[in-house]
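An overview of the molecular structure
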Amino acid sequence: MGDEATADKRSANSPGRGLKTGLTALGTAAVVGIYGAGYALTEDAARQLEERFGDGSEPPVSPGYAVSSEPVAPDSGTAATSVAVPADTQKASTPDPAPSGAEAASAPEVVQPAPVSAQATAAVASPASSPTPAPSSQAAAPSTAANAATPPASEAAAEAAPVSRFADGTYTAWGERTRHGDIQVIVVITDGRIVSAAVQSCGMRWPCSDINRLIPRVAQRQSTDVGIISGATQSSDAFQSAVRAALIQALPPAS
Amino acid sequence: MSETCLHTFAAMGTVVSLTVNGWGAGADQLQEREARVRAAISWFRAVENVCSRFDPASELSRLSDRVSVPVPVSSMLFQLVEFALALARGTDGAFDPTIGKRMEARGFNRSHRTGETVITEVPVDESVSFRDVYLDPREQTITLSRPLLLDLGAVAKGLAVDLAARELSPLENYAVDAGGDLYLGGSNATGEPWLVGIRDPREHDGLVECLRLSNAAICTSGDYERSAGPGRHHVIDPRSGLSASLIASASVIAESALVADGLATAAMVLGPDGGLELLRRENADGLLITTDLQRYASPGMVRHLAIGGVPVTTPPDFSLA
């Protein structure tokens, strides 16, 4: 019963935070996303990057191709660069007929950052508090936490999905200031998913078009774990930390 | 402070004007203004190149040649179609982007750019709908399950206005006007919110309302522009195939011109009751004027009305028709 009360309180609170109705948010997402992607149209640096890395099919972020001087650890623990949605909720919130096999492939990227994970995991775990299936061993990976919540009560499962997703809205944030400046991003969340991210202001010494290829990955991967572009490490870092800061704002309020 | 700077050019079948007020007159500032105005103009070109139904080389046109194949598209086309489909779902098909062929068949087939008549090879099929278009966000592909011609006219112009406005936004006080689609940033030359008149749908010289707007978009869709003959204007009810007949003009205020234009177009088709219900649901404000000249306003519309109503002496900064 106590849980229900908390849930009510939460849903009563949530619309306050930059919540927008469906089409308005989607419209903003489209404009922000297209503008962000179109940076390449106006910035010469983007074209140079294009030439430097050839075909333009897969951006040069995979290991072995001049990148990842600071590897973006895909394994848990130390990786503090990634805020991710549990794979389950991600799937539940995707109405589009996407190949479900590919969804599963994104699972390894579900890595919780140190400061955020506590909050997010707690939010996921709390509704299933009844006979406590998992003896809340602190290091529960987010996906396992979501799984643990799913089987016991269908109510709890229904509850878990909206709670653990991001709150809809448009969020802007600056990153952690690097030696060479900082980046402000705008991230749009619709139906709990990241639908768009873009550079809002570029305060770096170099054009932010250098990291154009990273930008669409935030929505593609539903994660801040977008890699680093060689020669634009600082910009990549600033971008990732800005997206992380924006997504932290987008976390549902802790009960 | 520099004077108002106005750039006018033709794009997307209309005349577009960009206005920037009171931006600094230093060399750096003038240079930035020029660069941003140029980029704003190039956004119109970019949207036109991607979304024109009249240009056989546009991405949109090339898409309609391929049926039942996932076609990789630019993020611009993908996101615009995604929005159009969401609007179609949200209005139960009162707005439908798959109406292109029927528009063409009804005589809306002349390229604004070249003046040439464009007839595509897509067959006329009254039963195609937005449900025949599938999106794959992961691969960024669009699949048409049947031969059809997309028409993004209603939303593409709104998108171009928004992109141009985003480009100009660091200049603080600016306006993008593209024949019925307007975005207003900051304030006008007298330092007040922009004054926008809504024209009388039947007596074009008169205004029915004057609004004060800042950092908002407003779009008006009317039954009097782009007519292909009596009773044949450009907003078609996708469900009947006939021109929408209940509303003479629909004006919608939203945070983006994309949304405002989409909602205004859908409201034209839905009529006064359905239109107001849509605006309520989407938390947008608007004024709908029926063909028998009754006015229907959303409750929040009163917040935007200029004090004193329609001015007798000062002309508004912009008039929407």
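Residues numbered from 1 in each chain as written. Chains lettered and ligands numbered in written order. Predicted model: local features only at pLDDT ≥ 70, side-chain atom pairs only at ≥ 80, totals over all residues. Heavy atoms only, no water.

A count of helices and strands for chain A gives 11 helices and three strands. Ordering the α and β elements of chain A from the N terminus gives α-α-α-α-α-α-α-α-α-β-β-β-α-α. (Helix = DSSP H or I, 4+ residues; strand = E, 2+ residues; numbered from the N terminus.)

In terms of helices and strands, chain B carries six helices and 14 strands. A total of 321 residues make up chain B; the buried ones form 59% of that total. In chain B, the proportion of contacts linking residues at least 24 apart, taken out of those at least 6 apart, comes to 64%. (Buried < 20%, exposed > 50% of the residue type's maximum accessible area, 1.4 Å probe, protein only. Contact = heavy atoms within 4.5 Å.)

With that settled, consider the sheet that holds strand β14 (residues 318–320) of chain B. All names here are of chain B. The three strands lie next to each other as β9-β8-β14, forming an open sheet whose pairing is mixed. Because the sheet does not close on itself, it has two edges, and the strands there are β9 (207–213) and β14. Strand-to-strand twist in this sheet, taken as the mean axis angle between neighbours without regard to direction, amounts to 25°. Sheet analysis places strand β8 (residues 194–199) next to β14, joined by three bridges and oriented parallel. In the sheet register, I198 faces β14, and the bridge partner there is L320. (Pairing = 2+ DSSP bridges. Axes fitted to C-alpha atoms, helices over the stretch in contact; angles between N-to-C directions.)

With that settled, the discussion passes to the sheet that holds strand β4 (residues 133–136) of chain B. All names here are of chain B. Judged by pairing direction, the sheet is antiparallel, and its three strands sit side by side in the order β3-β5-β4 without closing on themselves. Every other strand in the sheet has two partners, leaving β3 (71–72) and β4 as the edge strands with one partner each. Running over the sheet, helix α3 (residues 75–90) touches β4 and β5 (141–144) and is turned about 125° from β4.

Time to look at the interface of chain B and chain A. On the chain A side, the residues contacting the 29 residues of chain B number 27 residues. Between chain B and chain A, the buried area comes to about 2,500 Å², and carbon and sulfur atoms account for 64% of it. At the boundary of chain B with chain A, the tally comes to zero salt bridges. At the junction of chain B with chain A, the criterion picks out three residue pairs in polar contact (both at pLDDT 80 or more). Those elements that place two or more of their residues in the side of chain B that touches chain A are α1 (27–51), α3, β4, α5 (153–168) and α6 (257–281) of chain B. In terms of residue class, the side of chain B that touches chain A is made up of 15 nonpolar, four polar and 10 charged. (Buried area = accessible area lost by both parts, 1.4 Å probe. Salt bridge = Lys/Arg side-chain N within 4 Å of Asp/Glu carboxyl O. Polar contact = N/O pair within 3.5 Å; in protein donor to acceptor, adjacent residues only side chain to side chain. Nonpolar A, V, L, I, M, F, W, Y, C, P; charged D, E, K, R; others polar.)

Per the stated rule, a full pass over the model turns up four aromatic pairs over all chains. Taking 6.2 Å as the distance between ring centres and 10° as the angle between the ring planes, the aromatic pair formed by B:Y174 and B:Y183 counts as stacked. The same class applies to B:Y174 and to B:Y183, which are both buried. A cation over a ring is seen here: B:R166 above A:Y35, with NZ or CZ 5.4 Å from the ring centre. (Phe/Tyr/Trp six-rings, centres within 6.5 Å; stacked < 30°, edge-to-face > 60°. Lys NZ or Arg CZ within 6 Å of the ring centre and 35° of its normal.)

Core analysis: the largest hydrophobic core is formed by 85 residues, its most contacted members being B:F44, B:I142 and B:L152. Looking at which element gives the most residues to this core, the answer is α6(B), with 12 residues. Setting aside residues no more than four positions away along its own chain, B:I142 makes contact with B:L63, B:V69, B:P70, B:V71, B:V73, B:L77, B:F78, B:V81, B:V133, B:Y134 and B:L135. A:A167, A:A197, A:A238 and A:F239 belong to the second largest nonpolar core, which has 29 residues in total. (Core = buried A, V, L, I, M, F, W, Y, C linked by side-chain atoms within 4.5 Å.)

Right, let's get into the side chain of A:Q222. Relative to the helices and strands, A:Q222 resides in the loop between α10 (215–221) and α11 (233–250). Of note is the side chain of A:Q222, whose polar atom sits 2.9 Å from the backbone oxygen of A:A219.

Residue and element names in this part refer to chain B. Across chain B, the average pLDDT comes to 84, with 87% of residues at or above 70. Per-element confidence in chain B ranges from a low mean pLDDT of 70 for helix α4 (residues 100–105) to a high of 95 for strand β7 (residues 181–185). Counting interchain partners and residues more than four positions distant, the pLDDT-below-50 stretch residues 226–230 has nine contacts. Interface confidence in the predicted complex, given as ipTM, is 0.84; pTM for the same model is 0.61. (pLDDT = per-residue confidence, 0-100.)

The next point concerns the pairing of strand β2 (residues 14–20) of chain B. Residues and elements named next belong to chain B. Burial within β2 is extensive, with six of its seven residues counted as buried. Summarising the sheet, strand β1 (residues 5–11) and β2 pair through seven bridges and their orientation is antiparallel. Residue pairing in the sheet places A11 in a bridge with T14 of β2. Here β1 folds back onto β2, and the loop between the two strands holds two residues, one of which, M12, carries a positive phi near 50°. In this structure, β2 lies alongside strand β6 (residues 174–178), joined through five bridges in antiparallel fashion. By the bridge assignment for β6, V20 is matched with Y174.

In this section: the side chain of B:S256. All names here are of chain B. With respect to the helices, strands and loops of the structure, S256 is situated in the loop between β11 (247–254) and α6. S256 gets classed as buried once you look at its relative accessible area, which sits at 4%. Residues in contact with S256, not counting those within four places in the same chain, are D162 and A217.

What follows concerns the packing of helix α2 (residues 22–37) of chain A against α6(B). At a minimum axis separation of 8 Å, α2(A) and α6(B) run at an interaxial angle of 130°. On the basis of their axis angle, the class for α2(A) and α6(B) is oblique. As α2(A) runs across α6(B), the sense of the crossing is right-handed. Judged by residue contacts, A:L23, A:T24, A:G27, A:A30 and A:V31 of α2(A) engage B:L258, B:V259 and B:L263 from α6(B). For the contact of α2(A) with α6(B), the class distribution of residues is six nonpolar, two polar and no charged. (Parallel < 35°, antiparallel > 145°, perpendicular 65-115°, else oblique. Left-handed = near helix turned anticlockwise from the far one by under 90°.)

Here the focus is the pairing of β6(B). Residue and element names in this part refer to chain B. The buried count for β6 comes to five of five residues, which makes it a mostly enclosed element. Burial along β6 is two-sided: the residues Y174, V176 and A178 and A175 and D177 are all buried. Two elements, β6 and β7, share five bridges in a ladder whose sense is antiparallel. When the bridges of β7 are listed, V176 appears paired with Y183. Between the end of β6 and the start of β7, which pair antiparallel, lie two residues, with G179 showing a positive phi angle near 45°.

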